[in-house]
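Commentary on secondary and tertiary structure
Below, each chain spelled out in residue letters.
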Amino acid sequence: MERFDLEDVVAPPTHTAETPLKDWRLKYQAGTIQKQDFTDFFQKQSRKYFHYHYEAEQDTTRPSLRCTYNEAGAKEHIINVLMEFVLGDNPKIVLDKLQQEGNTATVCGKVFKNGEPTYSCRECGMDPTCVLCVNCFKQSAHRYHKYKMSTSGGGGCCDCGDEEAWKKDHYCEEHLRGKENPKGSTIITDAIKERCELAFTAILTFSVNFLEIEPNASLECLDGDVDDGEEACFCTVLYNDESHTFDQVIQTLTKIAKCRQKDAMEIVASIDREGRAVVKCDTFSECHQLQEAIEKQGVLSLSTLQTARAAQSLRVSVLNIRAVACQQLALQLLTWFQEFLIKHCVFRQIFARLIMDRKAPYSVRHILEYDVKLWKTARTCWHRLLISGMLMEYDNKRALAQEFSKHYASVVQDFIRDDHEHSFSIISLSVQLFTVPSIAHYLMANEGIFHKLLHTFYHVAVETYIKNKTLQFSKTVNVSFKRAAYILYDLRYILSFKPDVWTDPLREGFLEGCKALLKLLNVMQGMESTTRQTGQHMDYEPEWECAFNLHIKLATTITLVLDWCATDAAVLTKLYQMVMRYLCSNGFIVDSATKREERHVAGHVAECFIYDVSSRPVSIHLPLSRFFAGIYLHLGTFGLTFDNAVAGNKRTPEEIIEPILCTQTMIAQVHAGMWRRNGYSLLHQLYFYRIVRCRSEMLDRDIIGLQIGAALIESNQYLIHILNKFNLIKWIQSDYEKELTAQAVEDDYMLSMIEEFLELLIVIIGERYVPGVSNVTEEDRTKKEIIQLLCSKPYSHSELNRALPDTYNDTAVEDVIDSVAIFKKPQKSDAKGVYELKEELYDEYNMYFYHYTKEEKSKSEETQRSRRKSKNELVCCPPPKLPKLTDGFVSIANLLQCDVMMTILTTVLDRAIDTSSKSFAENHLQEALYLIGYGLQEEQSGYYPFLSFYVQSQKYNMLSKLEELSRSARVEAHRDFLLWTIKKFKELQAKDKSNEDAEACSMSADGDLSEISRPLTAAEQEKKEKEERARLAAERRAKIMAQMQNAQNNFMKSNAEMFASANVPAASRDSTTTMEWQDDGTNMDEEGAVAYNSLACLGVERRLQQPEEQSYKCILCFEDCTVTKDGPTLVYSAFVQKSKVLTPDTRYPSSVHTSSCGHVMHVDCWQEYYINEESKEQRRPHRSRQPFPQAPQSTEFQCPYCRCLSNSVLPLSAPLSKYSMPMVIHKGDELFPIDMWIEVMKTLSDELNMPSLEDNFEDSLPPAHTILSRANLCANIEQFERIAQPIDPVELPASWNTFMQRYIKSVCQHAPTEFEKSEKVGLLWLWHTCIYTVQALEVYLRAVNKPFSCEMSIRHKSCLSGLIRASCLSGANLSSADVASLKKAAAQMLDTVFKQKSGSVVEWNCFSIMVQMICIVPNLLFSSSHKAVVANGSMMDFYTMQLFFMANMVKAIVLFEPPTTDNGMAMDVDEEYEQEVKDLPQRILDNIAEFYRKYNFAARRQALSTTQQQQKQQARPQSETQSQSQSQSQPQTPPKSDEASTQETQSTDTISLNDEATTSAHSVDDSIKVPCDLKTIAALYEHIKMEMTEFLRCCCLFFHFVTDVEFPDEHSNANMDSYKGMCEYLGLEHGLQAYFDSAGCFASILETFASHPDIVYCDLVTKKKRCGRDFALVPCTLPIPKLVDLPEDYSDLINTVSDFVCPNSEREEMKTPTMCLICGKIICAQSFCCQPELDGRAVGACTYHAHFCGAEISVLLRVRDCQIIYLGRSKGCFVQPPYLDQYGETDMGLRRGNPLRLCPERYQKLQLTWLSHGLYEEIARLNDNTSVVPTQWHHM
Ligand SMILES: [Zn+2]
Ligand SMILES: [Zn+2]
Ligand SMILES: [Zn+2]
Ligand SMILES: [Zn+2]
Ligand SMILES: [Zn+2]
Ligand SMILES: [Zn+2]
Ligand SMILES: [Zn+2]
């Protein structure tokens, strides 16, 4: 006897005495061990790992129950111990060795989780159920094939390595290796196997025992256990069902179980996920009480609920807590077991052997049958176990399949009775078993599976509805019918593969199944029949969907059965006989009682059935007749015919086609309008009858049936039958017209019925693209279908696929598409690519194509006519050439020449000629011509020797009739068609030798005809008319043009102002404005002369431009209006929103953005409009109200003109120069200089900080001149006022003020909540939004890469001018309260800017402070003098701007990182800069270099590290003397640049060296000079220019609207977008010289900014401030904010999210993983597990995230649905994703599954929508459509 394995000896046992391992081993040795030993152990141990406690948070009366199961503990103390018993002391080593052996499996078998991506190969997959997992796909050849991707619903498995799943490339690389490895294992010894068996048995037994829901069973298992004195040792457990809604269960829990809402939601989520949850832990009686209460609750609510199912009570049970613990352990054991089985096939062998033992309690049979008694998770565990254990090896799979089939009937009935989804039933395993062809065939032959499935279906779903041998569904079909339909899917799997070889058992099994199928079809024949309603309408719409559902589910099976039988003569014959038997016995329409009468037409007689369709029941369901038609098509293949295929009793062809003919007649009558009173039900049925999903086994088969009739019945008789059925026997008689006049019009429907009749003939003769009817292949059939589709319009790929019948082999379809069509790539980024038909194939167009709807028919005809017209061809749609009929169907061609047909055709022609005829319609002629055309085409083809259409027709004088008609005015529309027909006739005539004699005479006659009276073709006719029309039109046009011109002029006059970009040069000012200017005491002429030479809007000798008085049109009252200083007030509609677009970082608070569409209204008009809208909104139906409270006092409305979303109005202001006339200072004028101004500012700051100011500000702040003198400046106040330009306080109209306040209020409402109320000084927020909006626009324009000067839209212009002017005016209109409240902010600002208090320049947002300063400071300064300052581009404004320009420059220099020169390469600097720098005087260069060394962080860091090196060296003086001396001798030149250093550099250094004294002492040795050569300076200069861009652009925008000075247009030499151009516009010096000249005052200003202690004393290594805090750096130029980068391949995205687990429940993967495109975070969306609270309400995780990430709005991508959402607060919209397939189409919901790639243009568009703050508007726009389904956005 073998003792222990080798491994057992290697390591000593690590376990303490409490483990049973020793005990087990001893018993094992002794051979006394039993599974009981293990199961007892499991049972005892499990309780240790299951715990619960009650947590009382705030609400002590409703404590929350917390149940925990310590999985890790159980793993260590139970599973690991078991493993050691099985594998020895080092299980891991054994398993690793097994892994190395490499013989894990040749199939993958990976079980998919919900949402995991799957891939199917369209080229190699045997059917669409064959899928690969990501790993296998990425390693397989299929990745280069045409594939589809999808996401799994969970439960399926990877088919890699299954030889029957793939046509080729069966293995991925990994599993191919697995195949090459040998079977068996040297590691797994017999002893291990033996112990495996023991352990497996124990696990299976234990799990089977405990997992059942039935409480009693599990309680019994625990008999004999003592409860350890625990009192509360029971649990009330609530189970999942599909009949209660989440809300119902939540309600029950909160009401009955007294759970808190939040807990209830969690419980419900976990019930939904796992199938059950513990609701209460307590004593038995308590738990039992709760159970009863919940169960009672369900019964009570019965009356209120509609369906009986929903009235069922919730499923509850009370379990002993030990049982629950055992169940948890059992689940864990099963999960572990499943993973263990994957590790080796030997394990699976053992497992299979165990469960195939029929007597065992855990046999397959038991697992199958008790599935329904388990809850979701438990079921899933078993399913996975079976998949991993039984499906990896073929033999096991077959054994399982066999067992599965044996118990199919009972299992499926369990499923039907149960209410869980299909995927949670073990019956869903069928797809794994039945789709394996060899297994399917085996089951059919040996288990009679085909019959079993259908029999079960018939028994459970159909039998109860049979009345009078026919199915009659009632209005309420029970649920079991729907669930039973899954059987039909299984059937489809079984039949999906035709057998290559038939065996007798297979034939038998197949035919047995067919018998059951025919039995079903027999009761379906004639089901849901209807009778024409006369008199009154139907009382109720009869049920019809059910029958169609049955049809749809069965149709594929029928098609498959027909495919099968076509491969075997014996089967075909047998089946044909069977069908015939059923046809004989079925009495629908045709039975022995049906009357027959003789009918005579054109000398022929037929005995017709007398079954009046318009008064007796007919049905659209004739599956038996259609099945016959389907099978008949295959007879020819085996040389069988109608006569020889079946002996004895059979139906005649007439009898067989009769039901079909009745149905066709009914359809014709419906079209003719005879069935109007039968309601919609019938119309729906007819619609479905011909749609692509249903028609192949309905319409198509009916036509085949009629064609079979035409082939078998004598042609004349056949036509008489149809005529009779259509009630047209009388019509065909020659004396019909006479009788008609005598009797008056007999029948309203006659004309339509004739039309329908002729069309049916066209279809019977012309629709032959069916294999078996004519010599075509399936491919030809598809080709024809596509050609017809493309004749009506170009189709996109998805449209085309939707319009074609489902075939799995769609790669073949794609080849067909490519053979007939050309793919036209989309022109625009948001358009789809489309297929267009190849030119040469248009001849195949058949306008009577039977799959066309009426609309498609007329549309395609229209398209084709205009196509032909454009090509100068005859404008008509002649019939195409037809394919050759097969031998069995040649008689169809004979229809065309038989006497009755000739009579029909000539009747139509005669009546067309006879202008008095009343029984004629134009369409009749067209159809008759079509039939004649077919006759001519068929004869020309020469396929049928018996066909002599020409000769036959000449007997009826057809040609001459046609010629006569071609001259008739009555049928002018069809003249071209007639000409085409005549031409064809002539061609045949010429060919016809027998006509040779007659030829000469008729030819001459022809010649005459064509010479003299050849009728004009439609085109010629048209040409003539056209000329005449053209002449008339020209006259008319001239007249209209004159009127239009007039109207346009008027329009231009009235509207130009609204759209024009306004300002005209001063030359065109009207005289009054000029007067105004002169009043201000300026000499205009002189000023103007200077002003127009300058481009600048600021500074000395700035340009002056008086804007034209802008005139608008109120969009509400259409009155013209202008903005003036004193009203009336006009407003823009505006939209104010929170925004974090510019700083999409959670650390920063949001800002407020304003946008406007620029449409102007009178404020009164708007108010009226708004009140009106508001009341409309209140009247709107409840459904569209927002379920979640909006921002307080939401005032959303739409711009009355453009429907643009708005929520506020912004008052328009007159140009600022109207309030305060700018003054021009000339060069050389005495000027209050900038440095003195700075002194004034400093003094003002002191004054503002004076404590005495607290009480009475206005009085205590000294007037400006006092401040001046306190600043110790001897300049006089007039001089100062000249730069500041104070004016008398501005009087603004009251309504302007009111609406400005309203606007400011709405801005404050959107101010971030982070700010205290007290900080929300309204005016400050007005300036904030103004600044933010300018900056946002600047960034947006930068993102779209447009020059901002000329291409700004009217929207942007209006918005900015409105905001900027309002901001400046509001500053000049301060009340004393305002002044008091702004004082603090102003003091702070001045302290920061001028006194180096608080942050340094690197922390400034320069533009922002500048604007605030311009608006506030001058006004405070003059407040005590009761003067105001309106910003107008005064010198003071200019100084302010200059100051911040320099501040920004300092920032740029300080933060500059010189390009690295690590590798000794020269820096890459633009030569242009280098040249410019070279031209600078040396002292300037020196100054720059010094400034750089002194303040630049990088330079100082470098100096510091050099110093430290030196200090180190100094520390070791004796050893390093030499190097020390070296470094001392040339401290200034680092080794790298010594050779290269230029003359300039050296000299710079020398000078700097002499200048040493200035620098203060800190850690850097001042003697050390970091290199600063010309190149560095050039690079620095380049950097400065770049970094100034944003500031300059913002300033240009701002001052443009302050001064109204136009941007220099593109013709002027300055490039506005360049650094230089902008400096010029702003009046700034652009060179560096001006700023680094120590003689000027700028240098010292720069120095002041740079010498801020934060900068000087900062820690260069850690980059922290002196105080230890980080710099809150504000970059000079904000990078353009971007949405996250998305992967190019969409499946990568799916793969990355497939592993994400919900943050709230660790084991569950997310159901709807959603990616925030702003920050890239993956969010668990729209799920009960993640509902954080926001403002006291539970919201979806996305809403919550958006609140913080994007200031209430975000752009999200739902990864599994491939859908973008713009999600705002309880509003949102779905948007097309930026991913496209190869056809340029998106795939929302991943329905098509084509590989998707990122479309950068689309993504860019999305980015810009976000960047331009357009999300809200887009949401509003998309929701404006009333058909939008309301979505609970706040649950997202
Ligand atoms: Zn796989
Ligand atoms: Zn694989
Ligand atoms: Zn492939
Ligand atoms: Zn108005
Ligand atoms: Zn508008
Ligand atoms: Zn979640
Ligand atoms: Zn985010």
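Quick summary incoming for the structure in this document. Please read these numbers as outputs of a predicted model, since none were measured by experiment.

**Description of the coordination of the zinc ion (ligand 4)**
- Distances from the zinc ion (ligand 4) to its protein donors, C1114 (SG), C1117 (SG), H1162 (ND1) and C1165 (SG), fall within 2.1 to 2.3 Å.
- Here the donor residues of the zinc ion (ligand 4) share one chain and are spaced in sequence as C-x2-C-x44-H-x2-C.

**With respect to the sheet that holds strand 21 (residues 1208-1211)**
- Sheet architecture is open: three strands sit in the order 18-17-21, paired in antiparallel fashion. Looking at the sheet topology across the chains shown, the edges are occupied by strand 18 (1151-1162) and strand 21. Direction aside, the axes of adjacent strands within the sheet are offset by 35° on average.
- Pairing geometry for strand 17 (residues 1130-1139) and strand 21, over four bridges, is antiparallel. Looking at strand 21, one finds that S1133 is bridged to V1209.
- Against the sheet, helix 55 (residues 1322-1343) touches strand 17 and strand 18, its axis set at about 90° to strand 18.

**Some points on the coordination of the zinc ion (ligand 1)**
- At the metal site, the zinc ion (ligand 1) is ligated by C108 (SG), C133 (SG), C136 (SG) and C158 (SG), and these contacts range over 2.2 to 2.3 Å.
- Classification of the site at the zinc ion (ligand 1) rests on its four donor atoms, whose angles at the metal span 101 to 119°, yielding the label tetrahedral.
- Counting along the primary sequence, the residues that act as donors to the zinc ion (ligand 1) give the motif C-x24-C-x2-C-x21-C.

**Here we look at the sheet that holds strand 13 (residues 821-824)**
- Read across the sheet, three strands follow the order 12-14-13 without closing on themselves; strand pairing throughout is antiparallel. If you trace the sheet from one side to the other, it starts and ends with strand 12 (795-796) and strand 13, each paired once.
- Across two bridges, strand 12 lies against strand 14 (residues 834-837) in antiparallel orientation. If you follow Y795 over to strand 14, its bridge partner there is Y835.
- Most of the contacts of helix 35 (residues 778-792) go to strand 14, to which it runs at about 100°, and overall it touches strand 12, strand 13 and strand 14.

**What about unusual backbone geometry?**
- Notably, K258 is not glycine yet its phi reads approximately 55°, a positive angle.
- Following the sequence through the fold, K258 ends up in the loop between helix 10 (246-255) and helix 11 (261-274).
- Positive phi, close to 60°, is recorded for R1203, a residue that is not glycine.
- Relative to the elements of secondary structure, R1203 occurs in the loop between strand 19 (1197-1198) and strand 20 (1205-1206).

**A word on the pattern of salt bridges**
- According to the stated counting rule, one finds 71 salt bridges in the structure shown.
- Across the pair R260 and D263 runs a salt bridge whose closest N-O atoms are separated by 3.5 Å.
- Owing to a relative accessible area of 8%, D263 belongs among the buried residues under this scheme.
- Between E655 and R651 there is a salt bridge; the shortest N-O distance is 3.8 Å.
- You can call E655 buried: its relative accessible area is 16%.
- Through salt bridges that share partners, E839, R867, R868, K871 and E873 make up one connected network.

**Some details on the packing of aromatic side chains**
- This structure, assessed with the given rule, holds 76 aromatic pairs.
- Both rings, one in Y465 and one in F473, keep their centres 5.1 Å apart while their planes meet at 50°; by these two values the pair is tilted.
- Between the aromatic rings of Y835 and Y1783, the centroid separation amounts to 6.3 Å while the plane-to-plane angle is 50°, which identifies the pairing as tilted. Highlighted residues: Y835 in strand 14 and Y1783 in the loop between strand 29 (1779-1780) and strand 30 (1797-1798), separated in sequence by 948 residues.
- Put simply, the rings of W24, Y28, F38, F41, F42, F85, F206 and F210 pair up and form one aromatic cluster.
- Note that K650 overlies the ring of F642, its terminal NZ or CZ placed 5.0 Å from the centroid.

**Examining the side chain of S796**
- Considering the arrangement of structural elements, one finds S796 in strand 12.
- In this view, S796 contacts K832, G833, V834 and E1785; residues no more than four positions away in its chain are not counted.

**Considering the nonpolar core**
- Counting residues in hydrophobic clusters, the biggest one holds 299 residues, and the most contacted among them are F42, F510 and F627.
- The element best represented in this core is helix 13 (residues 321-342), accounting for 13 residues.
- Sequence-distant contacts of F42, defined by excluding residues within four places in its chain, comprise I78, L82, A202, I203, F206, L329 and L333.
- I1277, C1359, A1447 and I1765 belong to the second-largest nonpolar core, a separate cluster that totals 242 residues.

The rules behind the values
Numbering of residues starts from 1 in each chain and follows the order in which that chain's sequence is written. Throughout, the order in which chains and ligands are written sets their labels, letters from A for the former and numbers from 1 for the latter. Local features in this predicted model are restricted to residues whose pLDDT is 70 or higher, and side-chain atom pairs enter the listing and the counts only when it is 80 or higher, whereas totals over whole chains, interfaces and linings include all residues. To obtain the side-chain values, all non-hydrogen atoms of the structure were included, while hydrogens and water were left out. In this listing, donors mean N, O and S atoms no farther than 2.8 Å from the metal, or 3.2 Å for Na, K and Ca; water is missing from the atoms, so a site can look incomplete. Pairing between strands requires that DSSP locate at least two bridges from one strand to the other. Helical segments are the DSSP runs of H or I of at least four residues, strand segments are the runs of E of at least two, and each set is numbered from the N terminus. A fitted line through C-alpha atoms serves as each axis, taken over the contacting stretch for helices, and the angle formed by two N-to-C directions is quoted from 0 to 180°. Should any heavy atoms of two residues lie within 4.5 Å, those residues are counted as being in contact. Under the classification used here, a metal with four donors is tetrahedral if each angle lies between 85 and 135 degrees, square planar if opposite donors are over 155 degrees apart and the others between 65 and 115, a six-donor metal meeting that same test is octahedral, and anything else is irregular. One side-chain nitrogen of Lys or Arg within 4 Å of one carboxyl oxygen of Asp or Glu is enough to make a salt bridge. Note on exposure labels: buried denotes an accessible area under 20% of the residue type's maximum, exposed denotes more than 50%, and partly exposed covers the range between, all computed with a 1.4 Å probe on protein chains only. Between the rings of Phe, Tyr and Trp (Trp by its six-membered ring), a pair exists once the centres lie within 6.5 Å; its type follows the angle of the planes, with under 30 degrees stacked, over 60 edge-to-face, and the other angles tilted. Two conditions define a charge located above a ring, namely a distance within 6 Å from the ring centre to NZ of Lys or CZ of Arg, and an angle within 35 degrees of the ring normal. By nonpolar core we mean a set of buried residues, namely Ala, Val, Leu, Ile, Met, Phe, Trp, Tyr and Cys, connected to one another through side-chain atoms within 4.5 Å.

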